[in-house]
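# Coordinates in review
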Amino acid sequence: DVKVTQSSRYLVKRTGEKVFLECVQDMDHENMFWYRQDPGLGLRLIYFSYDVKMKEKGDIPEGYSVSREKKERFSLILESASTNQTSMYLCASSPGQATTEAFFGQGTRLTVV
Amino acid sequence: DAKTTQPTSMDCAEGRAANLPCNHSTISGNEYVYWYRQIHSQGPQYIIHGLKNNETNEMASLIITEDRKSSTLILPHATLRDTAVYYCIVRGAGSYQLTFGKGTKLSVIP
């Protein structure tokens, strides 16, 4: 079974801190994604990557950056956390062929205080 | 990618078939219909996808109308564990993105 593992289930950080959310997948997938999910707004795509060192902005990239140095790992970085980044963050991966399904991690609930 | 319209919520009796509709009237010829679900406090889970023909797997069946403007996800024998938000997504063949809408909250009632 494909496994997408996010490093933390719950995280509490202070305003202004630099925050790293890590995601690892074990199925050699080319594509990896970061979403955030907020009540009433659904899932929104922040960034995605279709290859090592490649990244594309999603719908809401402001305030975030990403890093993909190895195929299996995709990191989401909050350069200076703010309270409006309190959210559920979900990582996903999928094989290179665009029509195949994506597999999601369990999510990280981040609270910025 | 085409937009989708789903009912906000539905109830289904345990053991009965759950039929979840989705309207995608602006779908184009190379766009696929995907279904995902999200059980509370978990990440979304892939269920099924299709282009034109009806599809069936161990979880569900997907019925796509001949004009492809709507589809129905069928859970043949709903259980309490099927209580979740179900998302219908239309995605182009060359698109890597999945755009999630609000979905349908399905409640399976004992």
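## Thoughts on the overall build of chain A
Helix and strand counts for chain A stand at zero helices and 11 strands. Computed over C-alpha atoms, the radius of gyration of chain A comes to 13 Å, within 12% of the 13 Å expected from 2.2 N^0.38 for 113 residues, which places it in the range of a compact globule. Across its three principal axes, chain A shows a C-alpha extent of roughly 40 × 25 × 25 Å. Out of the 113 residues belonging to chain A, those deemed buried represent 49%. Total accessible area on chain A stands at roughly 5,500 Å², and carbon and sulfur atoms take up 49% of it. Here chain A contributes 15 positively and 15 negatively charged side chains, and the mean placements of these two sets differ by 7 Å.

## Re the environment of Ser61(B)
Residues and elements named next belong to chain B. Secondary-structure assignment places Ser 61 in strand β6 (residues 61–64). Sequence-wise, Ser 61 and Ser 25 are 36 residues apart; in three dimensions their C-alpha atoms are separated by 20 Å. If near-sequence neighbours (up to four positions away) are discounted, Ser 61 is found in contact with Ile 48, Glu 55, Thr 56, Thr 72, Leu 73 and Ile 74. Of the polar contacts made by the side chain of Ser 61, one reaches the side chain of Thr 56; its length is 3.1 Å.

## Let's talk about the confidence of the model for chain B
In low-pLDDT regions, the fine details of the predicted coordinates are not to be read closely. Confidence along chain B averages 93 in pLDDT terms, with 98% of residues attaining 70 or more. Averaged pLDDT values over the elements of chain B bottom out at 93 in strand β8 (residues 84–92) of chain B and peak at 98 in strand β2 (residues 18–23) of chain B.

## Topic: the state of the cysteines
Residues and elements named next belong to chain A. Following the criterion strictly, the structure yields two disulfides over all chains and no others. Each sulfur in the disulfide pair Cys 23 and Cys 91 lies 1.9 Å from the other. Residues Cys 23 and Cys 91 are joined through a disulfide that is left-handed, its torsion about the S-S bond being -75 degrees. One end of the pair, Cys 23, is in strand β3 (residues 19–25); the other, Cys 91, is in strand β9 (residues 87–94), with 68 residues separating them in the sequence. Across this residue pair, the class does not change: Cys 23 and Cys 91 are buried.

## Some thoughts on the sheet that holds strand β1 (residues 4–6) of chain A
Residues and elements named next belong to chain A. Overall, antiparallel pairing links the four strands, which are arranged β1-β3-β8-β7 in an open sheet. Across the chains shown, the open sheet's two edge strands, defined by having one partner strand only, are β1 and β7 (64–70). Direction aside, neighbouring strands of the sheet carry axes that sit 20 degrees apart on average. Pairing of β7 with strand β8 (residues 73–78) involves five bridges; the strand directions are antiparallel. From the neighbouring strand, Ser 65 faces β8, where its bridge partner is Ile 77.

## Let's talk about the sheet that holds β6(B)
Overall, antiparallel pairing links the four strands, which are arranged β2-β7-β6-β5 (chain B) in an open sheet. The sheet terminates laterally at β2 and β5 (55–56) of chain B, the two strands that pair on one side only.

## Re the nonpolar core
The biggest cluster of nonpolar side chains holds 21 residues, and the ones touching the most others in it are Leu20(B), Trp35(B), Leu73(B), Leu75(B), Tyr86(B) and Leu106(B). The element that contributes the greatest number of residues to this core is β8(B), accounting for four residues. Formed by 20 residues, the second largest nonpolar core is a distinct cluster that contains Met32(A), Phe74(A), Leu78(A) and Val112(A).

## Considering unusual backbone geometry
Within the chain, Asp28(A) stands out as a residue other than glycine whose phi angle is a positive 60 degrees. With respect to the helices, strands and loops of the structure, Asp28(A) is situated in the loop between β3 and β4 (31–38). You can call Asp28(A) exposed: its relative accessible area is 52%. With phi around 70 degrees, Ser41(B) is a residue other than glycine that occupies positive phi space. Assignment of secondary structure puts Ser41(B) in the loop between β3 (31–38) and β4 (45–50). Accessibility expressed as a relative area gives 36% for Ser41(B), which makes it partly exposed.

Criteria and cut-off values
Residues numbered from 1 in each chain as written. Chains lettered and ligands numbered in written order. Predicted model: local features only at pLDDT ≥ 70, side-chain atom pairs only at ≥ 80, totals over all residues. Heavy atoms only, no water. Helix = DSSP H or I, 4+ residues; strand = E, 2+ residues; numbered from the N terminus. Rg over C-alpha atoms; globule rule 2.2 N^0.38 Å. Buried < 20%, exposed > 50% of the residue type's maximum accessible area, 1.4 Å probe, protein only. Areas by Shrake-Rupley, 256 points an atom, 1.4 Å probe, with all protein chains shown as cover. Lys, Arg positive; Asp, Glu negative; His and termini not counted. Charge placed at Lys NZ, Arg CZ, Asp CG, Glu CD. Contact = heavy atoms within 4.5 Å. Polar contact = N/O pair within 3.5 Å; in protein donor to acceptor, adjacent residues only side chain to side chain. pLDDT = per-residue confidence, 0-100. Disulfide = S-S within 2.5 Å. Pairing = 2+ DSSP bridges. Axes fitted to C-alpha atoms, helices over the stretch in contact; angles between N-to-C directions. Core = buried A, V, L, I, M, F, W, Y, C linked by side-chain atoms within 4.5 Å.

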